[in-house]
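# Understanding the architecture of this molecule
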There are 2 protein chains.
Amino acid sequence: MAFKTDIEIAREATKRPIQEIGGKLGIPSEDLLPYGHDKAKLSQSFIDGVQGRRNGKLILVTAINPTPAGEGKTTTTVGLGDGLNRIGKNAAICIREASLGPCFGMKGGAAGGGYAQVVPMEEMNLHFTGDFHAITSAHNLLSAMIDNHIYWGNALEIDQRRVVWRRVLDMNDRALRDMVTSLGGVANGFPRQTGFDITVASEVMAILCLATGLDDLQKRLGDIIVAYTRDRKPIYARDIKADGAMTVLLKDAMQPNLVQTLENNPAFVHGGPFANIAHGCNSVIATTTALKLADYVVTEAGFGADLGAEKFMNIKCRKAGIAPDAVVIVATVRAMKMNGGVAKADLGAENVAAVEAGCANLGRHIGNVKSFGVPVVVAINHFAGDTEAEVQAVQSYVATQGSEAVLCKHWAEGSAGTEALARKVVDIIDEGGADFAPIYPDDMPLFEKIETIATAIYHADGVVADARIRDQLTAWEEAGYGHLPVCMAKTQYSFTTDPGARGAPTGFTIPVREVRLSAGAGFIVAICGEIMTMPGLPRVPSAEAIMLNEAGDIEGLF
Amino acid sequence: MAFKTDIEIAREATKRPIQEIGGKLGIPSEDLLPYGHDKAKLSQSFIDGVQGRRNGKLILVTAINPTPAGEGKTTTTVGLGDGLNRIGKNAAICIREASLGPCFGMKGGAAGGGYAQVVPMEEMNLHFTGDFHAITSAHNLLSAMIDNHIYWGNALEIDQRRVVWRRVLDMNDRALRDMVTSLGGVANGFPRQTGFDITVASEVMAILCLATGLDDLQKRLGDIIVAYTRDRKPIYARDIKADGAMTVLLKDAMQPNLVQTLENNPAFVHGGPFANIAHGCNSVIATTTALKLADYVVTEAGFGADLGAEKFMNIKCRKAGIAPDAVVIVATVRAMKMNGGVAKADLGAENVAAVEAGCANLGRHIGNVKSFGVPVVVAINHFAGDTEAEVQAVQSYVATQGSEAVLCKHWAEGSAGTEALARKVVDIIDEGGADFAPIYPDDMPLFEKIETIATAIYHADGVVADARIRDQLTAWEEAGYGHLPVCMAKTQYSFTTDPGARGAPTGFTIPVREVRLSAGAGFIVAICGEIMTMPGLPRVPSAEAIMLNEAGDIEGLF
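What comes next is a walk through the structure. From a predicted model like this one, the values you see are computed outputs, not experimental measurements. Per chain, residue numbering runs from 1 following the sequence as it is written. Chains carry letters and ligands carry numbers; both start at the beginning, A for chains and 1 for ligands, and go up in the order they are written. The model is predicted, so local features are restricted to residues of pLDDT at least 70 and side-chain atom pairs to those at 80 or more, both for listing and for counting; the totals for chains, interfaces and linings are taken over all residues. Side-chain numbers come from the whole structure's heavy atoms, not from hydrogens or water.

Right, let's get into the environment of alanine 479 of chain B. Each helix corresponds to a stretch of at least 4 residues labelled H or I by DSSP, and each strand to a stretch of at least 2 residues labelled E; elements are numbered beginning at the N terminus. Inspection of the secondary structure puts alanine 479 of chain B in helix α19 (residues 467–481). Placed 28 residues apart in sequence, alanine 479 of chain B and glycine 507 of chain B show a C-alpha to C-alpha distance of 35 Å.

Below is the structure:
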């Protein structure tokens, strides 16, 4: 049986004019700024005008710890949105934009897959509406202005060894991780060691995704700490006078993008911060605007529920004043098998015992999400090789956890495959059982916030950190940053800091290696183990196979 | 008397929907891919469909050597386009896109000025339709793939000391000119010295602006020489397998952008290569497409006529198979005075003698342009302080050169101020005197081509170059590159290589310091003196004053 590729399915889509998609949500044509015939940005005046409306219901799609088997979180988000529309609900989805860098490395598609995709997928995986380019420009303008300030006399007395603001490119380029710049003599400035991160790791990205409007955006940009003086006084972007021009560069990027699913339902695609050193959710402005326009809004968060859902709840919902009405945890039979100890090569064979063993990972996520006061449904994203007994094993296990697991076939069938999930989600929302609260209060000391996440969500025995790190946290508390939430940077593959420790491990501690203050975004990053802020390309980059075919269509994005 | 700023005038413009502007040129709505309500790209299928049509008349706007007094070449291009429409002609203009980098440094406006502007000027000076971002991405993808190739085993045996492909950003950032990358150990690759240029200096920019279509684009991208082996064998972008993905990244950027003048006349704004290490003209595809749609097409070339017009004729026209029907040389009374030895601070006082002395610069440009077989009109771009006697002095001088100088007041009056110029241009085109030919044939040896430009255009006594440079040129001839035109990289302020030598100097030679092969763009660059491929920011960057005002409008772009 020959499956169609995602790009082939996407190319066959019958797209409706974007004005018609906007019409489903009551957006007038003049408030849709078109980018081609199938993409548009919402005008700021329209966004301002709907703020008084009542909110729709918010559904978060999250997942078990990711495995190489693939879980299909975005695919399920798209499928559930289409499923809700299929059963007659007015629903929209909110997902993240794709990063160009990875697209030319290992993977394309951040637009769903199979018959649960957002289109135009090629453009979503390339320049889209230019938001990431705008973030790259704004970030690097600040970088240039810092070095320029030092060059022209350094009136702010920046310690050149303590410039913490790097540069960014939306590219996987390991050569740029670590460099010495300003070589070549007096005219080129003062040499110093620095480097580039990938654009999605920029604090500007996190800021854009948390800002509630252009005023808030400019304030947060001004709050960015770019360097320190010799006596460790922070220098802000505002001191460099970059915040105004950065806001101008980001003016259009702040407007949410509207596209459509293969089934012509509305999809907001906006922002895409890294889920490790940032919070990994689409923009607050897209989510809060969608909640004013649709009765049901389906959104997702990066990585597994231990990172993505935790940050969605403790950072995004807290800061935006929103609350999820239900959470869908995506699991697959294959991933359960891998969590149960099966190697990727052996996933083809039925193995009910391994599925049952791997369910412990799912179970812990279910409990964790419920601890935020939100009802949970499990979506089993069906793969062709899954056996009935394996599916049954997951469903039985989930029942023992007080939830229900619904089999979904949206990849192959579109919304027909998520009708049952959509009905179940509507039912539990109608039951009104949600009573959301973040799991730690604003006024808890920073180190205790880290401990709370580590013990309550990861189920670690505790947190290990040098005195240097505890002192830094105390210093930030004294400087007025103690109320900030904590953004954990940890491997997504495990509850622990060991990527190989699958399932539901116990008897471990979480070592905090470093803490960073993202004063503009408004969180403290706790780095636990290696994190990568500039990926490299693989031995054979997917870019080698990306090209235009004879018909002028793009090949090789998948 | 309080003048309005350019941005104030632009903001008051009554823009027509871009579909209506396209309609003036017979472009159907469905072939205009909108970017907001006031910008659009032409569909590739429409471009393909009009190729069989007859060409309109082509008018090049060029200038004397630029001075700090300002000449207003783009402003005059816009003004002439509007003037031609005013007298009932079907005319379009073709200009270059603006670079973001300079916009945050010294200047904004690359969209004309006063009442001769293209709108939306704010967006033209910011991200516009994302073309430059696409060029940045395509360029840097190739860079990343080169270092990645070396990292994974270097099967092509690239000599790491001979990687000639740098990286680019659309930013003025002197710190990035010269650097050592890949520090930090094995995982980050092999340290090597390299740097960033500004995006407009990328060979990808030159290629995009010379390519006749997507196939030609991919071929040229593949032809880029990125490095050499230890025994000096060239390694091409094609060898790195980057050409397909680069073409995909540039697919939309290849489509010309349509906007409008303040008077709602069509303006194509597409591409913007540096006028020193590249050829400094808008894209071939925009110009050739405009010629199929309008009876008169007004375009411009970077810097003064010695660089801009020479490259327009010898490179762009030669390669695109087009020919100008008339050339307008822009001069100002103030610039004539500066060429006549007056300092900028003293420009306010009437000084007819200085004007007359400075006219020698204008006279040489008139003769040069005529040597290409094209009739010349001089446009005197009027400034408020110019006296009648000064204007008369320029007009009398130009008459002695066998041309006519027309006073133009488009900055203050729009098309009313260029009606006389438009009529004069139409008259000389109707006379049919143009018999265009490049000033050197393809098969002339490369060094002789440099000598021809230096003696015939600059009026130098000769060219000085080391044996090393002559040997390099001979080697390229033997490698099959001898048929390429030469792209001169020289100061724009003088016919000589000394920026201070104004007027019409004689008794000098042109030293060629370095030659470079742009095999993808298809020219040899001859570098004569210092050229800057990555500008820096000034002591007080204009970015410090760029911001959104209370009404949400952009302030500080000018």
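From this point, the narrative continues.
Moving on: the environment of arginine 220 of chain B. Residue and element names in this part refer to chain B. Relative to the helices and strands, arginine 220 resides in helix α9 (residues 214–223). Each residue is assigned to one of three classes by its accessible area relative to the maximum for its type, calculated with a 1.4 Å probe on protein chains only: buried under 20%, partly exposed between the two thresholds, exposed over 50%. The class for arginine 220 is buried, based on a relative accessible area of 13%. Placed 17 residues apart in sequence, arginine 220 and glutamate 203 show a C-alpha to C-alpha distance of 10.0 Å. A contact between two residues is defined here by any heavy atoms of the two lying within 4.5 Å. Setting aside its immediate chain neighbours within four residues, arginine 220 contacts Ile207, Leu210, Ala211, Gly520, Ala521 and Gly522. Nitrogen and oxygen atoms within 3.5 Å of one another constitute a polar contact, given that in protein one can donate a hydrogen and the other can accept it, and given that sequence-neighbouring residues count only through two side-chain atoms. Among the polar contacts listed, one links the side chain of arginine 220 to the backbone oxygen of glycine 520, at a separation of 3.3 Å.

Stacked, edge-to-face and tilted labels apply to pairs of Phe, Tyr and Trp rings (six-membered ring for Trp) whose centres lie within 6.5 Å, assigned for plane angles under 30 degrees, over 60, and everything in between, in that order. Inspection of the entire model under this criterion finds six aromatic pairs over all chains. Between tyrosine 151 of chain A and tryptophan 152 of chain A the ring centres are 5.2 Å apart and the planes differ by 85°, which places this aromatic pair in the edge-to-face class. Between phenylalanine 372 of chain B and phenylalanine 436 of chain B, the aromatic rings sit 6.5 Å apart at their centres with planes inclined by 10°, giving stacked as the arrangement. On the criterion of sequence distance, the pair formed by phenylalanine 372 of chain B in the loop between α14 (352–370) and β18 (376–381) and phenylalanine 436 of chain B in the loop between α17 (419–431) and α18 (446–457) is long-range, its members being 64 residues apart. Take phenylalanine 372 of chain B: its relative accessible area is 3%, and that puts it in the buried class. Relative accessible area serves as the criterion here: at 18%, phenylalanine 436 of chain B is assigned to the buried category. Geometrically, a lysine NZ or arginine CZ counts as sitting over a ring once it is within 6 Å of the ring centre and also within 35 degrees of the ring normal. Its end group placed over the ring of tyrosine 151 of chain A, arginine 174 of chain B keeps NZ or CZ at 3.7 Å from the ring centre. Just above the ring of phenylalanine 447 of chain B sits the side chain of arginine 470 of chain B; from NZ or CZ to the centre is 4.0 Å.

What follows is about the packing of helix α8 (residues 203–210) of chain B against α9 of chain B. Residue and element names in this part refer to chain B. The interhelical angle for the contact between α8 and α9, taken along N-to-C directions, is 150°, at an axis separation of 9 Å. One way to sum up the angle between α8 and α9 is to call them roughly antiparallel. At the point where α8 passes α9, the crossing takes the right-handed sense. Contact with α8, carried on its side by Val204, Ile207, Leu208 and Leu210, involves Asp216, Leu217, Arg220 and Leu221 of α9 and no other residues of that element. Three categories are distinguished: nonpolar for Ala, Val, Leu, Ile, Met, Phe, Trp, Tyr, Cys and Pro, charged for Asp, Glu, Lys and Arg, and polar for the others, with Gly belonging to the last. Within the contact of α8 with α9, the residues separate by chemical class into six nonpolar, no polar and two charged. Note on definitions: angles span 0 to 180 degrees between N-to-C directions of axes, and those axes are lines fitted to C-alpha atoms, for helices only across the stretch in contact. Roughly parallel covers angles under 35 degrees, roughly antiparallel covers those over 145, roughly perpendicular covers 65 to 115, and oblique covers all other angles. Handedness of a crossing is defined here by the sense of rotation of the near helix relative to the far one, left-handed for an anticlockwise turn of less than a right angle and right-handed for a clockwise turn.

On to the state of the cysteines. The term disulfide is used for any two cysteine sulfur atoms that are within 2.5 Å. This model, assessed by the stated rule, comprises zero disulfides over all chains. Distance from the sulfur of cysteine 487 of chain A, which forms no disulfide, to the nearest cysteine sulfur (cysteine 281 of chain A) is 9.3 Å. Of all cysteine sulfurs in the structure, the one in cysteine 281 of chain B sits closest to cysteine 209 of chain B, which takes part in no disulfide; the separation is 8.5 Å.

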